[in-house]
Amino acid sequence: MQLEKRAEIIKDWIYTAANHLKENMASQMTVEEKSNRKDLVTNLDKETEMFFREQIEHHFPGEGILGEEHMGETITSLDGPVWIIDPIDGTANFVLQHNHFAIMIAYFEDGVGQIGFVYDVMADTMLEAIKDNGVKINGQSYTLPFRDKPISDGLIAINSSLLLDNTYHMQEMVQEAMGLRLYGSAGLELISVVKGETLGYTSPHLQPWDIAAGSVAINELGLCLTQMSGEPIDFMNPNPVFVGYPSVYKRFRKQYETYKTMN
Ligand code: 2AM
Ligand code: CA
Ligand code: CA
Ligand code: CA
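The rules behind the values
- Residues numbered from 1 in each chain as written.
- Chains lettered and ligands numbered in written order.
- Predicted model: local features only at pLDDT ≥ 70, side-chain atom pairs only at ≥ 80, totals over all residues.
- UniProt positions renumbered as here; feature names shortened; annotations may be inferred.
- Near = placed C-beta within 6 Å.
- Nonpolar A, V, L, I, M, F, W, Y, C, P; charged D, E, K, R; others polar.
- Domains from an automatic or database assignment.
- Helix = DSSP H or I, 4+ residues; strand = E, 2+ residues; numbered from the N terminus.
- Pairing = 2+ DSSP bridges.
- Axes fitted to C-alpha atoms, helices over the stretch in contact; angles between N-to-C directions.
- Contact = placed C-beta atoms within 7 Å.
- Core = buried A, V, L, I, M, F, W, Y, C linked by C-beta atoms within 7 Å.
- Buried ≥ 20, exposed ≤ 12 C-beta atoms within 10 Å, placed from the backbone.

Per an unreviewed UniProt entry, the recorded name for the protein chain is Myo-inositol-1(Or 4)-monophosphatase, and the organism is Aerococcus suis. UniProt lists a comment for the protein chain under the heading Cofactor (unreviewed entry), and it reads "Mg(2+)".

A. Focus on the site of ligand 1. In the neighbourhood of ligand 1, 13 residues make up the surrounding shell, with Asp 39, Asp 89, Thr 91, Ser 185 and Ala 186 lying closest. Considered class by class, the residues forming the shell around ligand 1 number 1 nonpolar, 6 polar and 6 charged. Each of domain 1 (3–142) and domain 2 (151–262) contributes no fewer than three residues to the shell around ligand 1.

B. View of the domain arrangement of the protein chain. With domains assigned, the protein chain is organised as domain 1 (3–142) and domain 2 (151–262). Measuring from the centre of the C-alpha atoms in domain 1 to the corresponding centre in domain 2 gives 21 Å. When contributions to the side of domain 1 that touches domain 2 are tallied by element, the ones reaching two or more residues are strand E3 (64–67), strand E4 (81–89), helix H3 (91–97), strand E5 (102–109), strand E6 (112–120) and strand E7 (125–130). Element by element, the count of residues in the side of domain 1 that touches domain 2 is highest for E6, at 6 residues.

C. Molecular detail of the sheet that holds E6. Ordered by their spatial adjacency, 7 strands build an open sheet running E3-E4-E5-E6-E7-E8-E9, and the pairing between neighbours is mixed. The sheet is open, and its two edges are formed by E3 and strand E9 (140–142), each paired on a single side. Averaged over neighbouring strand pairs, the angle between their axes works out to 20 degrees when direction is ignored. Bridge analysis of E6 against E7 gives 6 bridges, and the strand direction is antiparallel. Bridge pairing in E7 links Phe 117 to Glu 128. Across the sheet, helix H2 (residues 43–59) touches E3, E4 and E5, and the angle it forms with E4 is around 155 degrees. Contacting E4, E5, E6 and E7, helix H6 (residues 186–195) crosses the sheet at an angle of about 100 degrees to E6.

D. Molecular detail of the nonpolar core. Ile 84, Ile 103, Ile 105, Ala 106, Phe 117 and Val 243 are the most contacted members of the largest nonpolar core, which totals 73 residues. Not counting residues within four places of it along the chain, the set of residues in contact with Val 243 comprises Leu 190, Val 193, Gly 200, Tyr 201, Ile 218, Leu 223, Cys 224 and Leu 225.

E. Here's a closer look at the sheet that holds strand E10 (residues 155–158). Reading across the sheet, the 5 strands line up as E11-E10-E12-E14-E13 and stay open at both edges, with mixed pairing between neighbours. Lying at the two open borders of the sheet, with one neighbouring strand each, are strand E11 (179–180) and strand E13 (224–227). When E10 meets E11, the two strands line up parallel, connected through 2 bridges. Residue pairing for E11: Leu 155 is matched across the bridge by Gly 179.

As structure tokens, then:
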């Protein structure tokens, strides 16, 4: 099936799932802790992942699925067709704010991102990317507002643990930038970079489902995204990540290379 056709099907699933979340988040939410009291999951995260898995198994039987909440079989390699799902990105925001969370779905073939959707549910912003076919926001073709800007001319986002521990002296990046913004959802951070609202984002431990969908848009637009070391993202394991416009990405990398042996 053509990627464009697949993308239309995925978009329908996402709107259906988003309506379910909006209808149920005020009254039907139960919250559990995962690894610690700040790492949450709700029944709605699990139901949403189950919904996507059922749709994939029905429409695309036999294709691999990697989902954050592990609601079914998982994959052992990225060979062939693979779906990477984050049913709710920004679960803490979902629980505490009922706002500022995203649904993210990526479709990969042999380890290469083909389709990526990041949907900011409450803002109703649908970021859609298809490899070699560009990026759309809410159905409109999207191009970057500028090719590049230095860190001194814009805002940046840094994961709060990197900032609090001042890992790689990351606070220096905040001093150089116009300011700091933290959204609490990797997906919304990536939308913000795509729109040019922030120039870069870094986080020490992003899972494949945190970046798979956004990576398709980032690549398509020619923005920079790698592990902190400069190695390509590993979509089977957690990654320390730098993403951004070229100058800010290079500035992050320089900071990392300067201070990596001191942390
Ligand atoms: P999540 O809400 O899907 O778990 C919050 O800073 C961002 O980091 C969110 O995108 C969140 O995704 C992600 N994240 C990854 N691992 C996390 C963890 N162990 N605890 C909380 N957030 C995590
Ligand atoms: Ca989570
Ligand atoms: Ca996530
Ligand atoms: Ca999640």
